[in-house]
Amino acid sequence: MSYEGYEIEDYQNEIKELSLQLTDMLEAALYFAGVKKARLEEAIDAYLDEMDEVLGSNEDAPMGFDEIVKVIKHLKNTKKDLFI
């Protein structure tokens, strides 16, 4: 199946690439928030785990700048060992 020259595989590859870029941006945000470089992977897992606690389980809830900052601030209070 294609749409204007794009195949489903093209869309799937684009989604994978965007997902990797988002992970890199989250790592950068956590690093500049003070997470130790060696613990970034652990911090990302903690971030994902804490999202529901901080923002609720509504999957349709907005996830913008303010919400990301709120989760990172929460991590700084609850997972202090991840930060410098």
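Before going into details, it helps to say that this report is about the structure given with it. (Residues numbered from 1 in each chain as written. Predicted model: local features only at pLDDT ≥ 70, side-chain atom pairs only at ≥ 80, totals over all residues. Heavy atoms only, no water.)

### Things to note about the overall build of the chain
Here is step 1: Summing up its helical and strand segments, the chain has 3 helices and 2 strands in all.
Here is step 2: Counting across all 84 residues of the chain, residues that qualify as buried make up 21%.
Here is step 3: The contacts of the chain with a sequence gap of at least 6 include a subset with a gap of at least 24, amounting to 51%.
Here is step 4: If you sum the accessible surface of the chain, you get close to 6,600 Å²; carbon and sulfur atoms cover 53% of it.
Here is step 5: Of note, the chain has its 9 positive side-chain charges centred 15 Å away from the centre of its 20 negative side-chain charges. (Helix = DSSP H or I, 4+ residues; strand = E, 2+ residues; numbered from the N terminus. Buried < 20%, exposed > 50% of the residue type's maximum accessible area, 1.4 Å probe, protein only. Contact = heavy atoms within 4.5 Å. Areas by Shrake-Rupley, 256 points an atom, 1.4 Å probe, with all protein chains shown as cover. Lys, Arg positive; Asp, Glu negative; His and termini not counted. Charge placed at Lys NZ, Arg CZ, Asp CG, Glu CD.)

### Description of the pattern of salt bridges
Between side chains of opposite charge, pairing is possible as soon as their charged atoms come close.
Here is step 1: By the definition in use, this model includes 2 salt bridges.
Here is step 2: The salt bridge involving Arg39 is made with Glu42; its shortest N-O contact spans 2.9 Å.
Here is step 3: Measuring nitrogen to oxygen at the nearest pair gives 3.0 Å for the salt bridge that ties Arg39 to Asp81. Of this pair, Arg39 sits in the loop between α1 (8-33) and α2 (40-55) while Asp81 sits in the segment after α3 (65-78), and the two are 42 residues apart along the sequence.
Here is step 4: On the accessibility criterion, Asp81 (44% relative accessible area) is partly exposed.
Here is step 5: Through salt bridges that share partners, Arg39, Glu42 and Asp81 make up one connected network. (Salt bridge = Lys/Arg side-chain N within 4 Å of Asp/Glu carboxyl O.)

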